[in-house]
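Architecture at a glance
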Amino acid sequence: MNRPGPDSPDQSANKDDDAVWLDLVARLESMPSSALDEAPTSAEAGNDSGTGPGPGPDDVPGRSSSRSFQDFDPLGLSKRGAAEEPTGSGEPGPRDYDVEDENGFVPEDPPSLAGTEPLTMLAWIGAVGGPLALLFTAMFWRSAPLLAVMGILATFLASVVYLIMKLPQEKDENDDGARV
């Protein structure tokens, strides 16, 4: 196969793109923060200084500045104040309210698993662990005996049946379902 030479049009286009990118990064790093915040938009970009849309004297690549690329904030997010005046119809919006964490909802600690009935804990382990054991058996122990697979299935089914049988049999008439 023929490879393109170093002076072919495709190779020079890549070099031009790299040069343009490096020039752009150098100009952004050398711009002062105030120039970045007050940069004209594409509609405002005219011949304000009379020099045209080219780089200005502060935009020369290689010239160092006290600002770095991390200070670049084109959206002005660092200047936003915490309390801005509501605009529009005069009604407050969702961002006009302060979040009050004082005296808010604090959920109670869940009950300890140490006080759980051992048979219930084993049933939960069987109900959750049964399908996982079947999955791992199918993935890693393809030649598992039929008796092992049937044992896992029996354990899973017995666990689920036990948990279902432990559910309350009668409905409390005063319970509106709002409590878990």
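If you're wondering where the values come from, they're calculated on a predicted model, not measured in any experiment.

So, on to the overall build of the protein chain. A count of helices and strands for the protein chain gives four helices and zero strands. Starting at the N terminus and walking to the C terminus, you meet the elements of the protein chain as α-α-α-α. Residue burial in the protein chain is summarised as follows: out of 180 residues, 12% are buried. Carbon and sulfur atoms form 58% of the exposed surface of the protein chain, whose accessible area is close to 16100 Å².

The subject of this paragraph is the packing of helix α3 (residues 118-140) against helix α4 (residues 146-165). It is the contact of α3 with α4, at a shortest axis distance of 8 Å, that shows an interaxial angle of 145°. Relative to α4, α3 is oriented so that their crossing is left-handed. Note on element contacts: α4 touches α3 through Val149, Ile152, Leu153, Thr155, Phe156, Ser159, Val160, Tyr162 and Leu163, opposite Leu119, Thr120, Leu122, Ala123, Trp124, Gly126, Ala127, Gly130, Pro131, Ala133, Leu134 and Thr137. Broken down by class, the residue content of the contact of α3 with α4 amounts to 15 nonpolar, six polar and no charged.

Right, let's get into the side chain of Thr137. Assignment of secondary structure puts Thr137 in helix α3. You can call Thr137 buried: its relative accessible area is 13%. The contact partners of Thr137, leaving out residues within four places of it in the chain, are Arg142, Ala144, Val149 and Ile152.

Calculation notes
Residues numbered from 1 in each chain as written. Predicted model: local features only at pLDDT ≥ 70, side-chain atom pairs only at ≥ 80, totals over all residues. Heavy atoms only, no water. Helix = DSSP H or I, 4+ residues; strand = E, 2+ residues; numbered from the N terminus. Buried < 20%, exposed > 50% of the residue type's maximum accessible area, 1.4 Å probe, protein only. Areas by Shrake-Rupley, 256 points an atom, 1.4 Å probe, with all protein chains shown as cover. Axes fitted to C-alpha atoms, helices over the stretch in contact; angles between N-to-C directions. Left-handed = near helix turned anticlockwise from the far one by under 90°. Contact = heavy atoms within 4.5 Å. Nonpolar A, V, L, I, M, F, W, Y, C, P; charged D, E, K, R; others polar.

So yeah, pure geometry; function would need other evidence.
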